[in-house]
Amino acid sequence: MPRAVKGVLVECDPSIKALILSLDSKSHNIVLADLDDEHLLIDVPMLEYVKRELDSQLAENTFKPAELDNIQRK
Amino acid sequence: MSVPKFRTSINDFLEGLPETVLIRLFYSPATCLAIFRLLPAMTQLFIMAMLFNDKPVAATDLNLWVQEGSSSKQYDALEKLRGMHLVKQSQGMLTLQKTFRAGLRNALSGGDHNNSFGIPCDTEDKHKVDIKFLDEHANNQWELILHFMVGTDTGKVPNNGVLSLLRHSGLMEGSTPSNMRITNAGFQFLLQDVNAQIWTLLLQYLNMSEDLHMDAVEVLHFLFMLGSLELGQDYSLAALSPTQKIMLDDLRDYGIVYQRKSSSRRFYPTRLATTLTSDTGALLTASASMDSAIAQKEREAGFVILETNFKVYAYTDSPLQIAVLNLFVHLRSRFANMVTGQISRESVRKALSNGITADQIVTYLTVHAHPQMRKSTPLLPPTVVDQIRLWQLEMERMKTVEGYLYSDFSSKNEYDTIAGYARDLGVMTWEKPNKRMFFVTKEGNQQIVDFVRRKVHSGA
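Residues numbered from 1 in each chain as written. Chains lettered and ligands numbered in written order. Predicted model: local features only at pLDDT ≥ 70, side-chain atom pairs only at ≥ 80, totals over all residues. Heavy atoms only, no water.

For chain B, the name recorded in an unreviewed UniProt entry is Transcription factor Tfb2-domain-containing protein, with Lipomyces orientalis as its organism.

Under an unreviewed UniProt entry, chain A has the name TFIIH subunit TTDA/Tfb5 and belongs to Lipomyces orientalis.

Right, here's the structure in full:
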């Protein structure tokens, strides 16, 4: 009898996959299975967390004009 | 682009009507003329060729009018004619639908005297209004609705008919006037140009009217009649049926007609009505003429300047325009005659997460571009346009699907049967045959489970 595991299939490019795996390496409760280069199976309740973390990590390296305002004022 | 889009929507609606309803529509010459104006150019050419010819026309004769290499357009035009039941085709000969032919001939040569084009009032209006008043009135009514959608605090709320229309069309959600919120579709609606917006609302009104047991044919007759009225001329209510009189009340709320009070025996169409079916070519000229028509003072049609450093300068003081710009521009300063700001990653992402697409932002900026911008080709700086699209792609880096992963199949045969079934059903999102695993959507999972159970039961 085959086994069915409930989860969320994530399709992304390898760089994002690496980011998710690195997130997982700290807590070990996100990724259920590493399927192939572009697909991961993650736990359903962790989906929102992954999206938020991904957003914040990607946003870290972008230029924000608001920051420029603050710098100029000083 | 907005103008073709509203055309196709009303066309789609007309094509969706059954033939008997369409024939009832064709009885009114104003409707025939309005439908004619909504058709694309080649279709109009074919109709004109067949209009005054009482005998059927051979389909191959139409080839004489078509240039080499445009046969796909010819095919499209014929499909359109067939779709709206305007022609009957038999043995290669085309005949124009006879009610439509009579109606259009009437409209063009002014034959029959009937009321489909509206009856102008012959008595003097004691409280006569001029075109400037009508323009202002239309502007105020329309902006009231848009302001309410954007959430600017004007203190005035549109009345219940308008609110229920907004709710039905999915542009806003909420039960009481104070807790209504705009939806994603509503944001997209705000970025369209005025003509497209009016048609979107009117089409929703059409859909709603069928639920309220108002005759769709009479509603359409009235709408198309409005499109052919003259601005500044008052018309009498005598020509209208009871259904159309109810419509008049609703249309007053949208600013499409003006009536001094609901017991008045006359009404004035505003510019919003008379440009309903106007046959405008380029999108820019359509919006330019609408904008300048609706302008309360002398105002340039376009008012937004976009620089290559993502800075935006908008020469407007209309709270509505500023509110719409605020949706995707980070506005910094406001002056007496303009606002400035910057398009930033944050502001665009906020817009994208509200459901606005990058294309709509680009279209809005193109449509409302200041005439100064017209000097550069392409109109908008490619850096900015590309970056907006890239920001949209950034939001979509991850595609997620909820469901179930199947693994641990005991034999290749078992894998093949179950995977084959899943694939045929279309619920399989991913598979890896050499590892014998596949992923199925949450909705499709129950069917797979039932299938496996049946197999185990029967095959063991």
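On we go.
Chemist: When you look at the side chain of Arg 349 of chain B in this model, what are you seeing that I'm missing?
Modeler: Turning to its location among the elements, Arg 349 of chain B is positioned in helix α16 (residues 345-353). Classification of Arg 349 of chain B by relative accessible area gives buried; the value is 15%. (Helix = DSSP H or I, 4+ residues; strand = E, 2+ residues; numbered from the N terminus. Buried < 20%, exposed > 50% of the residue type's maximum accessible area, 1.4 Å probe, protein only.)

Chemist: Looking at this structure, I do not really get the interface of chain B and chain A. What am I missing?
Modeler: Many analyses report the size of an interface as the accessible area lost when the parts associate. Between chain B and chain A, the contact holds 30 residues from the first and 34 residues from the second. Where chain B abuts chain A, roughly 2,700 Å² becomes buried across the two surfaces, and 59% of that area is made up of carbon and sulfur atoms. Taken as a group, Arg 397, Met 398 and Trp 430 of chain B account for 25% of the area that chain B buries against chain A, more than any other trio of residues on that side. Linking chain B to chain A there are four salt bridges. Among the ionic pairs, Asp 408 of chain B bridges to Arg 3 of chain A, the shortest N-O distance being 3.2 Å. Linking chain B with chain A are ten residue pairs in polar contact (both at pLDDT 80 or more). Secondary-structure elements contributing two or more residues to the side of chain B that touches chain A are α16, β13 (399-407), α19 (412-425), β14 (428-432), β15 (437-441) and α20 (442-459) of chain B. When residues in the side of chain B that touches chain A are grouped by element, the largest group, nine residues, is from β13 of chain B. (Contact = heavy atoms within 4.5 Å. Buried area = accessible area lost by both parts, 1.4 Å probe. Salt bridge = Lys/Arg side-chain N within 4 Å of Asp/Glu carboxyl O. Polar contact = N/O pair within 3.5 Å; in protein donor to acceptor, adjacent residues only side chain to side chain.)

Chemist: For this particular structure, what's the right way to read the environment of Thr 429 of chain B?
Modeler: With respect to the helices, strands and loops of the structure, Thr 429 of chain B is situated in strand β14. Note: C-alpha distance between Thr 429 of chain B and Phe 439 of chain B (ten residues apart in sequence) is 5.7 Å. Discounting residues that sit within four places of it in the chain, Thr 429 of chain B has contacts with Leu 9 of chain A together with Val 401, Phe 439, Val 440 and Thr 441 of chain B.

Chemist: Whenever I open this one, the pairing of β15 of chain B confuses me. Can you help?
Modeler: As a general feature of sheets, a regular strand has side chains that alternate between the two faces. All names here are of chain B. Summarising burial for β15: five of the five residues are buried, a large majority. Neither face of β15 is exposed, since Met 437, Phe 439 and Thr 441 on one face and Phe 438 and Val 440 on the opposite face are all buried. One ladder, built from four bridges, connects β14 with β15; its direction is antiparallel. Across the sheet, the residue bridging to Met 428 is Val 440, located in β15. In this antiparallel pair of consecutive strands, β14 and β15, the connection spans four residues, and Arg 436 shows a positive phi of 55°. (Pairing = 2+ DSSP bridges.)

Chemist: Quick question: what am I supposed to make of the sheet that holds β14 of chain B here?
Modeler: Whenever strands of a sheet pair, they do so through backbone hydrogen bonds, lying parallel or antiparallel. Pairing is antiparallel across the open sheet formed by six strands, whose spatial order is β2(A)-β3(A)-β1(A)-β13(B)-β15(B)-β14(B). Where the open sheet ends on each side, the last strands, each with one partner, are β2 (31-36) of chain A together with β14 of chain B. With strand direction ignored, the average angle separating the axes of adjacent strands in the sheet is 30°. Pairing between strand β1 (residues 3-11) of chain A and β13 of chain B: nine bridges, direction antiparallel. In the strand pairing of β13 of chain B, Glu 11 of chain A is matched with Lys 399 of chain B. The sheet strands contacting helix α1 (residues 14-27) of chain A are β1, β2 and β3 (39-42) of chain A, and the helix crosses β2 of chain A at an angle near 150°. (Axes fitted to C-alpha atoms, helices over the stretch in contact; angles between N-to-C directions.)

Chemist: Can you walk me through helix α3 (residues 29-38) of chain B in this structure?
Modeler: Quick reminder: α-helices carry 3.6 residues per turn. Residues three or four places apart thus point the same way. Of all ten residues that make up α3 of chain B, nine are buried, and the element is covered over most of its length. Within the span of α3 of chain B, buried status applies to Pro 29, Ala 30, Thr 31, Cys 32, Leu 33, Ala 34, Ile 35, Phe 36 and Leu 38 of chain B.

Chemist: Hey, could you run me through the sheet that holds strand β8 (residues 266-269) of chain B in this one?
Modeler: Residues and elements named next belong to chain B. Spatial ordering of the open sheet is given by β6-β8-β7, a layout of three strands whose pairing is antiparallel. Looking at the sheet topology across the chains shown, the edges are occupied by β6 (235-236) and β7 (257-258). Sheet topology places β6 next to β8; two bridges connect them, and they run antiparallel. Paired with Tyr 235 across the bridge in β8 is Phe 267.

Chemist: Looking at this model, I keep getting lost on the pattern of salt bridges. Mind explaining?
Modeler: Counted under the stated rule, the structure contains 20 salt bridges over all chains. Put simply, Arg 252 of chain B and Asp 249 of chain B hold a salt bridge, and the shortest N to O gap is 3.2 Å. Here the residue Arg 252 of chain B and the residue Asp 249 of chain B both occupy positions in helix α12 (residues 242-254), the gap between them amounting to three residues, near one helical turn. Among the ionic pairs, Glu 431 of chain B bridges to Arg 423 of chain B, the shortest N-O distance being 3.3 Å. Since its relative accessible area comes to 25%, Glu 431 of chain B is described here as partly exposed. Three or more residues joined by partner-sharing salt bridges are found here, namely Asp 55 of chain A together with Arg 345, Arg 349 and Glu 394 of chain B.

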